[in-house]
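Examining the three-dimensional arrangement
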Amino acid sequence: MSNEKRASFGGKLSAILVAAGSAIGLGSIWRFPYLAGEHGGAAFLLVYLLCVLIIAIPVMLCEFAVGRRTHKNAVGGFRQLSKPWQILGFNGILCALFISGYYYVIAGWSLDYLVNSINGSLYNSDISFAQQYAQFTASPWPIVYTLIFILLTHFIIARGVEKGIEKASNIMMPILFIILILMAIRVAFMPGAADGYRFFLTPDFAQAFSADTLFTAAGQAFFSLSVGMGCMVTYASYFNEKTNLIGTSLSVSLLTLFVATLAGLVIFPAVFSAGLEPTEGPSLIFITLPEIFKDMPLATVWSAIFFILIGLAALTSTISFHEVITAYLAEEHKMSRKAATYTTTAITIVLSLITLLVTFDFNFLGKQFTSTFDIYDYGSANILLPLGGLFTCIFVGWVMKPQFFREEITNYGKLPGKIVPFLFILVRYIAPILILYIFLKGIGIL
Ligand code: PFF
């Protein structure tokens, strides 16, 4: 790899679409709605929004700065700046492995639901959608669809950074926005939709600032913006010297917020309209949405469109954490890019199979864990990503000289720097203190 020319993304828009492609995924369309449903709807939306603005954006800027300065993978990037801090890169690789362990499984579910929407079997069955979901998750099909999804990701990564990642994101992201907007308009005309809007848009402040809601929303902010694990370090290593880091991070965050909010505006009115419960958990979109589609004209078409949307969103994210591991292996272990891609895919298959095949039952920190799925999800979003984010801020805010941040944010003085002191205060004090507070409260130490 070291003697190959390093790839870089074409224009300004590509940098935004690729980073937004990583950010917008199952996190916004599957995870956000079910967590919001469990944590009071609007209360969750409000806290999530604050966490994105005050915590996740500063972390993203720090990751961008490290990646664009070093043009290296997550481990190599931190190591180039300060050797002991490469551990932050390793935290990122571990986290990418955790997320790989369950993300493809959920993405695989969406493929199955897509196929069953198209062939009509989802809507022609005599049993309820909840029973269909239970039957499906207990069958061997999730294994097949998970493998298909891993291979799709492999195929894009194997085409390389520019022809694979960049091109796929540029095509898929705009399609995703259009589908989601169409669905939000469609749902607005369903009877009873107003209750859903009320649930999602009028916050209960007491619930909003409970330790549990704060902890979950902060984890979701990290997860949905792909920050805290060096993913944005890796992607920013392909940015060029003209990329505007503030502009890119704001665009990515706003697009992600927009998609998560739209997902809520599709799902909650629909859930209430059908008289269902918003607190369904991870199965929310797989059980409640077919329930809604079934009474709509052209049910199978809408249903297929929705699951295509989820599949596309997931794919632009799976390629990003696949790339975190691939770039690390290629650059740090001197593997060819091809060998690194195959190795990452093989590891991903093993981790996903464990999630699909192994179950257990234990309680830790007051939380029930029944499969590696729970460990991977909780461990990444609530532990590894916040810790990664916290130490990334400490690294850029305290270990590196202030010029480092200023130079990267202003492209060495070519962009206006008035906002830099304010951002630096966020990076140095506000974001790390808040992350630490929420984290310690969340795990029950404070
Ligand atoms: N942001 C992605 C989502 O919301 O689905 C998930 C993700 C991708 C998390 C890449 C972390 C990451 F590095």
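Everything below is about the structure shown above.
Residues numbered from 1 in each chain as written. Predicted model: local features only at pLDDT ≥ 70, side-chain atom pairs only at ≥ 80, totals over all residues. Heavy atoms only, no water.

**Here's the deal with the pattern of salt bridges**
Under the criterion given, the structure shown has 7 salt bridges. Across the salt bridge formed by Arg-31 and Asp-377, the nearest N and O atoms sit 3.0 Å from each other. Taken together, the residues span a long stretch of sequence, with Arg-31 in helix H2 (residues 26-38) and Asp-377 in helix H17 (residues 372-399) at a distance of 346 residues. You can call Arg-31 buried: its relative accessible area is 4%. One salt bridge connects Glu-323 with Arg-337, and the closest N-O pair in it is separated by 2.6 Å. Of the two residues, Glu-323 is situated in helix H15 (residues 299-332) and Arg-337 in helix H16 (residues 337-357); the sequence distance between them amounts to 14 residues. We note that Glu-323, like Arg-337, is buried. Sharing partners across several salt bridges, the network here consists of Arg-68, Arg-69, Glu-407 and Glu-408. (Salt bridge = Lys/Arg side-chain N within 4 Å of Asp/Glu carboxyl O. Helix = DSSP H or I, 4+ residues; strand = E, 2+ residues; numbered from the N terminus. Buried < 20%, exposed > 50% of the residue type's maximum accessible area, 1.4 Å probe, protein only.)

**A look at the side chain of Glu-166**
Residue position: Glu-166 is located in helix H8 (residues 161-188). The buried charged residue Glu-166 lacks any salt bridge partner; its closest oppositely charged side chain belongs to Lys-167, at an N-O distance of 10 Å. Beyond its immediate chain neighbours, meaning those up to four positions away, Glu-166 contacts Ser-8, Phe-9, Gly-10, Gly-11, Ser-14, Val-18 and Val-161. (Lys, Arg positive; Asp, Glu negative; His and termini not counted. Contact = heavy atoms within 4.5 Å.)

**Let's talk about the pairing of strand E1 (residues 359-364)**
Summarising the sheet, E1 and strand E2 (residues 367-371) pair through 4 bridges and their orientation is antiparallel. Considered in E2, the bridge of Thr-359 is made with Ser-371. What sits between the antiparallel neighbours E1 and E2 is a turn of 2 residues, in which Leu-365 has the positive phi angle 50°. (Pairing = 2+ DSSP bridges.)

**A short note on the site of the ligand**
Taken together, 15 residues form the shell around the ligand, and within it Ala-23, Gly-27, Tyr-103, Phe-223 and Met-229 come nearest. Within the backbone of Ser-22, one N or O atom sits 3.2 Å away from a nitrogen atom of the ligand. Summarising the interface, the protein chains cover 100% of the accessible area of the ligand, which totals 340 Å² for the free molecule. At the level of secondary structure, the elements contributing two or more residues to the shell around the ligand comprise helix H1 (12-23), H2, helix H5 (86-118), helix H11 (211-224) and H15. Ranked by the residues each element gives to the shell around the ligand, the list is headed by H15, at 3 residues. A breakdown of the residues in the shell around the ligand according to their chemical character gives 8 nonpolar, 7 polar and no charged. (Near = heavy atom within 4 Å. Polar contact = N/O pair within 3.5 Å; in protein donor to acceptor, adjacent residues only side chain to side chain. Areas by Shrake-Rupley, 256 points an atom, 1.4 Å probe, with all protein chains shown as cover. Nonpolar A, V, L, I, M, F, W, Y, C, P; charged D, E, K, R; others polar.)

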